Each structure stands twice: as C-alpha cells, then as structure tokens.
Amino acid sequence: QVQLVESGGGSVQVGGSLNLSCAASSFTYCMGWFRQAPGKEREGVAAITTAGGSTYYSVSVAGRFTISRDSAKKTVYLQMNNLKPEDTGMYYCAAANRKCSTYGEYFTDWGQGTQVTVSS
C-alpha cells in the first residue's frame with residue numbers, strides 16, 4: 001500500500017492561489033488529485049504519469065490548475081490559480097497502477113485529504 005499525505009490546503013479569497021503537496025511513500029504509474037464538496041460527488045481534478053509526465057485535467061480546472069511531480073522527492077503538486085468558490089472542497093491525493101486519467105476507479109490508494117476553502 002502506498003502512503004499518501006496531503007498538505008497545503010487553507011482558506012483563500014476568490015482569485016487567489018494555493019499549492020497543494022502530496023508526499024508519497026512510493027510512486028506508482030499515475031498520481032492524481034480529486035476533490036469532493038459536501039453533498040457532491042467526488043470529482044477528478046488532475047492526474048500525471050510519474051515516468052513520462054503526461055497530464056490530464058478536468059474541464060473545470062484546465063488552464064487554472066497545474067499538476068506536477070518531483071520524482072526524487074516522491075511528491076506530487078497541484079498548483080491552483082485564479083481560485084473560484086466552486087473549487088471549495090476536500091482535496092485528495094491518489095495513486096493508480098495501470099491507467100492514468102481523472103477517473104477515480106483506477107486509483108487504489110488515497111490520502112486523508114486537505115481542505116480548500118475559497119470565499120468571496
């Protein structure tokens with residue numbers, strides 16, 4: 001099992017930025033970020049192949065969020081810019097072994113989450 005620990009969440013005003021970090025005990029083929037707001041379904045935000053660095057984004061965040069990884073540090077990041085109230089939610093880091101996309105069904109290990117709150 002891969003241990004994942006997220007950090008970097010917090011409260012920010014509309015238009016602000018946050019950079020989330022996910023420290024992994026080991027890197028799998030794909031690392032991803034997901035989010036969930038109260039009463040809403042979990043949403044895939046971004047994913048990246050750890051070897052090649054191919055990225056995948058949900059339409060709602062494309063152009064505003066950037067996923068990246070530091071293989072030496074076994075850490076994946078999510079740079080979030082121009083934040084909107086709709087971005088509010090608990091953000092989870094996850095790991096997948098065979099496929100890479102923003103579909104959560106491929107991910108087998110999950111972190112505990114870090115809260116992101118965007119206010120007007």
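Before any of the text, the structure's been laid out above.
Residues numbered from 1 in each chain as written. Predicted model: local features only at pLDDT ≥ 70, side-chain atom pairs only at ≥ 80, totals over all residues. Heavy atoms only, no water.

Considering the overall build of the protein
Scanning the protein for helices and strands turns up zero helices and 11 strands. Reading the helices (α) and strands (β) of the protein from amino to carboxyl end gives β-β-β-β-β-β-β-β-β-β-β. Viewed in the frame of its principal axes, the protein has a C-alpha envelope of about 40 × 30 × 25 Å. Looking at the 120 residues of the protein, the share that counts as buried comes to 43%. Taking all contacts inside the protein whose residues are at least 6 apart in sequence as the whole, residues at least 24 apart take part in 57%. For the protein, the computed accessible surface area is about 6000 Å², with 46% contributed by carbon and sulfur atoms. Seen as two clouds, the 10 positive and the 8 negative side-chain charges of the protein have centres 5 Å apart. (Helix = DSSP H or I, 4+ residues; strand = E, 2+ residues; numbered from the N terminus. Buried < 20%, exposed > 50% of the residue type's maximum accessible area, 1.4 Å probe, protein only. Contact = heavy atoms within 4.5 Å. Areas by Shrake-Rupley, 256 points an atom, 1.4 Å probe, with all protein chains shown as cover. Lys, Arg positive; Asp, Glu negative; His and termini not counted. Charge placed at Lys NZ, Arg CZ, Asp CG, Glu CD.)

Considerations on the environment of Asp109
Residue placement: Asp109 occurs in strand 10 (residues 107-110). For Asp109, a relative accessible area of 13% puts it in the buried group. Sequence-wise, Asp109 and Gly53 are 56 residues apart; in three dimensions their C-alpha atoms are separated by 19 Å. Not counting residues up to four positions away in its chain, the partners in contact with Asp109 are Gln1, Val2, Leu4, Cys93, Ala94 and Ala95. At 3.2 Å, the side chain of Asp109 forms a polar contact with the side chain of Thr108. (Polar contact = N/O pair within 3.5 Å; in protein donor to acceptor, adjacent residues only side chain to side chain.)

A few points about the pattern of salt bridges
Counted by the stated rule, this structure contains three salt bridges. With a shortest N-O distance of 2.8 Å, Arg35 and Glu43 are connected by a salt bridge. Residue Arg35 pairs with Asp87 through a salt bridge whose shortest N-O separation is 2.8 Å. Residue Arg35 is located in strand 4 (residues 30-36), and its partner Asp87 is located in the loop between strand 8 (75-80) and strand 9 (89-96); the two are separated by 52 residues in the primary sequence. Linked by salt bridges that have partners in common, Arg35, Glu43, Arg64 and Asp87 make up one network. (Salt bridge = Lys/Arg side-chain N within 4 Å of Asp/Glu carboxyl O.)

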